[in-house]
Amino acid sequence: MTERVYEVVIIGSGAGGGTVAQALAPMVRDGVRILVLEKGPRLADGEFTGREMEMATALYEDGGGFLTADGTMTLAFACTYGGSTVVYTGTSLTAPERVVRHWNVPGLDHADVVRRSEKYLRENNVHLLGPDALNDNNRLFVEGGRRAGYHVEQFPVNVKGCRGSSFCNLGCPNQAKQGTNRVQLPAAERDGVEVVTRAEVLRIEVDRSVVVRVGEKPAGGKGAPSEWAPGDYRVRGKIVVSAGGAIGSPALLLRSPLPTPRCLGDGFTCHPALILVAEHPRAITNDVGHPKSFFVDRGAEERFVLETCMYFPFTTAKAITGFGAAHSAMVRAFPRLQMILVLACDHATPGNRITADAAGKPVVHYRFTPETVDGLVRGTVASAKIFFAAGALRVHAPFADPPLIDARDAARVEALITTRHWRPGKTTVSAAHLMGGCGMGRSAADSVTDVWGRVHGIPWLRVADASLFPDSLEINPYVTIMALADRVAEGIREDARELLA
Ligand SMILES: Cc1cc2nc3c(=O)[nH]c(=O)nc-3n(C[C@H](O)[C@H](O)[C@H](O)COP(=O)(O)OP(=O)(O)OC[C@H]3O[C@@H](n4cnc5c(N)ncnc54)[C@H](O)[C@@H]3O)c2cc1C
Ligand code: SF4
């Protein structure tokens, strides 16, 4: 096994890892060697083609279809230079005050989260798109939402030179989306941080070293070969930061021979989501333009958030229940489809957790609580009202039987869409806001880390990603992940003298 020595080893290059890398980069000038190890490949700009099957395979873990243990939900998360920021849509919201208060983490103050978030909102060019950049799918959501009595808000997004190609979730082919792959990681590399891709950390040892396997570039695969020769490495570090995401970090710590707190892996939440479609009488612009510009937040009152969305043909077909002629007719109506994403605001629940199997691979245990199902159903009812208020002819609602509701039944959606029709494993539910597993808190009795991402009892080991959330955020999470990672970096700078000695 080849040996390498660094002072700081960061595992994962997504919203959390990329942020820590950039925030610590000035230490390189003082002779501190900083390494980022990323399991996925580094793609060249020209390799982002926007082709659905090709990009899903190249960027996502399990092509975006990672299944929970009982097979009732798929989880989407990326595995590439920049992590899931490469495939996110770039909607940029700041943590609500009520959520941070509910988290009740000693020392975590909402004003501090806001202050740090604002730094990244500026740095990643977050702003509201002008009216010219909005397509019919977004306009219909605004019109229908207001007519149906909802408070519709515009999403700030982090784009620069967006050309409205709508491929955000397949990696932006126009380099417009300002993820960590475009902002934080290149800045860190310019300052001398080393990023090694195709480098999977197998475990972290108690002597602060990490065992890494660097893979070959597969024949015909996308991305550059690794910066290191393929093989196994032992990287000796003094500070290790786990930023592998809400699935990657808990699984890595669970398979590592470390005295970690017993609640490691607990508290997994994910905003389970449904893609809903409705058919309009005429073609609308839906797959051209920025896909996600507006939302309705009913998290506090009814446990759901609605977002405009536009998914690609395969993903859309998968979201529509049923088979045969009715299913085919709906998919063929693609140019006339309006889409809304319903996200349920789930909560940390005993049993919903990450474990590692005998090979150390992550296993996600997730049971839908009645409250989560209720959030999905209420969100579906609200979406149906918005679709019809916007002029849709038919709405596809998986919580109705039959699932197609005609406009003449628009007044009856509350009676037709009910939890009675919930069939776990039959209704297509997916999630992309993966949170928890290494939650922050008071002590090892109730949490994995403290408010600085320090793993209780292991001061040299830090966590800096979405796994830090003690419960769900109830809004889109990347800005808050960056804000928390910024805190983690500050804690490392403060402890550096002692830890690097
Ligand atoms: C399709 C999609 C759309 C989204 N849209 C939005 C949005 O519009 N707004 C928003 O706020 N959020 C959005 N999100 C969520 C957001 O992208 C994530 O919450 C965020 O990127 C998570 O940050 P992270 O650092 O926890 O993990 P990630 O960004 O997922 O990064 C983790 C990285 O660690 C690497 N890794 C894991 N284990 C190891 C290991 N053992 N060794 C080496 N490397 C490892 C992974 O390969 C990955 O690259 C979206 C997510 C998806 C999937
Ligand atoms: S809509 Fe804009 S940000 Fe999204 S993929 Fe197209 S150019 Fe990139």
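Everything discussed here concerns the structure shown above.
On a predicted model such as this, the values are computed, not experimentally measured, just so you know. (Residues numbered from 1 in each chain as written. Chains lettered and ligands numbered in written order. Predicted model: local features only at pLDDT ≥ 70, side-chain atom pairs only at ≥ 80, totals over all residues. Heavy atoms only, no water.)

J.: Just to check I follow, could you spell out the sheet that holds strand S9 (residues 209-214) for this structure?
T.: Working definition: the strands of a sheet are paired by backbone hydrogen bonds and lie parallel or antiparallel to each other. Read from one edge to the other, the open sheet built from four strands follows the order S1-S10-S9-S8, with strand pairing classed as mixed. Because the sheet does not close on itself, it has two edges, and the strands there are strand S1 (2-5) and strand S8 (199-204). Strand-to-strand, the axes of this sheet are offset by a mean angle of 30°, without reference to chain direction. The pairing of S9 with strand S10 (residues 231-236) spans six bridges and is classified as antiparallel. Residue pairing for S10: Val 214 is matched across the bridge by Gly 231. (Pairing = 2+ DSSP bridges. Helix = DSSP H or I, 4+ residues; strand = E, 2+ residues; numbered from the N terminus. Axes fitted to C-alpha atoms, helices over the stretch in contact; angles between N-to-C directions.)

J.: Any chance you could explain the site of ligand 1 here in plain terms?
T.: As a matter of local geometry, ligand 1 sits amid 38 residues, with Gly 16, Glu 38, Ser 84, Thr 91 and Tyr 478 nearest to it. A distance of 3.1 Å separates a nitrogen atom of ligand 1 from a polar atom in the backbone of Lys 39. Compared with its free state, where it exposes 1,000 Å², ligand 1 has 94% of that area covered by protein. For the shell around ligand 1, the leading source of residues is S8, giving three residues. Among the residues making up the shell around ligand 1, the classes are represented as 17 nonpolar, 16 polar and five charged. (Near = heavy atom within 4 Å. Polar contact = N/O pair within 3.5 Å; in protein donor to acceptor, adjacent residues only side chain to side chain. Areas by Shrake-Rupley, 256 points an atom, 1.4 Å probe, with all protein chains shown as cover. Nonpolar A, V, L, I, M, F, W, Y, C, P; charged D, E, K, R; others polar.)

J.: When you look at the nonpolar core in this model, what are you seeing that I'm missing?
T.: One recurring pattern in soluble globular proteins is that nonpolar side chains are buried together. In this structure, Leu 37, Leu 75, Ile 204, Val 210 and Ile 417 are the most contacted members of the largest nonpolar core, which totals 135 residues. The dominant element in this core, judged by the number of residues it contributes, is helix H13 (residues 478-500), at 13 residues. Counting contributing residues, this core receives three or more from each of domain 1 (2-104 + 169-227 + 236-268 + 456-469 + 478-500) and domain 2 (131-155 + 270-431). Dropping the residues within four chain positions of it, Ile 417 is found in contact with Val 377, Thr 380, Val 381, Ala 384, Ala 397, Phe 399, Ala 400 and Ile 405. Residues Val 277, Ile 320, Phe 334 and Leu 343 belong to the second largest nonpolar core, which totals 15 residues. (Core = buried A, V, L, I, M, F, W, Y, C linked by side-chain atoms within 4.5 Å. Buried < 20%, exposed > 50% of the residue type's maximum accessible area, 1.4 Å probe, protein only. Domains from an automatic or database assignment. Contact = heavy atoms within 4.5 Å.)

J.: Is there a simple way to think about the sheet that holds strand S21 (residues 454-455) in this case?
T.: Taken in spatial order, the six strands make up an open sheet running S7-S3-S2-S11-S22-S21, and their pairing is mixed. In this open sheet, the two strands that pair with only one neighbour each are strand S7 (194-196) and S21. Relative to S7, strand S3 (residues 34-37) runs parallel, the two being bridged by three bridges. Within S7, the position partnered with Val 36 by the bridge is Val 195. Helix H1 (residues 15-24) rests against strand S2 (8-11), S3 and strand S11 (239-242) of the sheet, and its axis sits at about 155° to S2. Sheet strands in contact with helix H7 (residues 245-255) are S2, S11 and strand S22 (458-463), and its direction is about 130° off that of S11.

J.: Sorry if this is basic, but what is going on with the packing of aromatic side chains here?
T.: The geometry of an aromatic ring pair is captured by two quantities: the separation of the ring centres and the angle between the planes. Using the criterion set out here, one finds eleven aromatic pairs in the structure. Summarising the aromatic geometry, the rings of Phe 66 and Phe 77 are spaced 5.3 Å apart at their centres and angled 65° between planes, so their arrangement reads as edge-to-face. Of this pair, Phe 66 sits in strand S4 (residues 66-67) while Phe 77 sits in the loop between strand S5 (74-75) and helix H3 (97-103), and the two are eleven residues apart along the sequence. A relative accessible area of 14% means that Phe 77 is categorised as buried. On the basis of an interplanar angle of 40° and a centroid distance of 5.9 Å, the ring pair of Phe 399 and Trp 422 is categorised as tilted. Separated by 23 residues along the polypeptide, Phe 399 in the loop between strand S18 (394-396) and strand S19 (404-406) and Trp 422 in the loop between helix H12 (413-416) and strand S20 (430-431) bring together distant segments of the chain. The residues Phe 399 and Trp 422 share a single accessibility class, namely buried. Lying across the ring of Trp 228, Arg 4 places its NZ or CZ 4.6 Å from the centre. Geometry around Trp 452 places Arg 487 over its ring, the cationic atom sitting 4.1 Å from the centre. (Phe/Tyr/Trp six-rings, centres within 6.5 Å; stacked < 30°, edge-to-face > 60°. Lys NZ or Arg CZ within 6 Å of the ring centre and 35° of its normal.)

J.: Before we go on, may I ask you to explain the site of ligand 2 in this structure?
T.: Neighbouring residues of ligand 2: Val 159, Cys 162, Arg 163, Gly 164, Ser 165, Ser 166, Phe 167, Cys 168, Cys 172, Pro 173 and Asn 174. For the shell around ligand 2, a count of residues per class yields six nonpolar, four polar and one charged.

J.: What is the right way to look at the pattern of salt bridges in this model?
T.: Where charged atoms of side chains with opposite charge meet at close range, the side chains can pair. Using the criterion set out here, one finds 38 salt bridges in the structure. Across the pair Arg 487 and Asp 112 runs a salt bridge whose closest N-O atoms are separated by 2.6 Å. Of this pair, Arg 487 sits in helix H13 while Asp 112 sits in helix H4 (residues 110-123), and the two are 375 residues apart along the sequence. Relative accessible area serves as the criterion here: at 4%, Arg 487 is assigned to the buried category. Residue Glu 279 pairs with Arg 336 through a salt bridge whose shortest N-O separation is 2.6 Å. Remark: Arg 336 occurs in the loop between helix H10 (324-332) and strand S15 (337-344) and Glu 279 occurs in strand S12 (residues 273-279); sequence separation between them is 57 residues. Using a relative accessible area of 27% as the deciding quantity, one classes Arg 336 as partly exposed. Among the charged side chains, a network of salt bridges with common partners joins Asp 112, Arg 115, Arg 116, Lys 119, Asp 486, Arg 487 and Glu 490. (Salt bridge = Lys/Arg side-chain N within 4 Å of Asp/Glu carboxyl O.)

J.: Mind showing me how you'd approach the side chain of Thr 85 here?
T.: In this fold, Thr 85 is placed in the loop between S5 and H3. Here the side chain of Thr 85 touches Gly 82 through a polar contact of 2.7 Å, landing on its backbone oxygen. Reaching out from Thr 85, the side chain makes a polar contact with the side chain of Thr 180 at a distance of 3.0 Å. The contacts of Thr 85, once residues within four sequence positions are left out, are Gly 14, Ala 15, Lys 177, Gly 179, Thr 180 and Asn 181.

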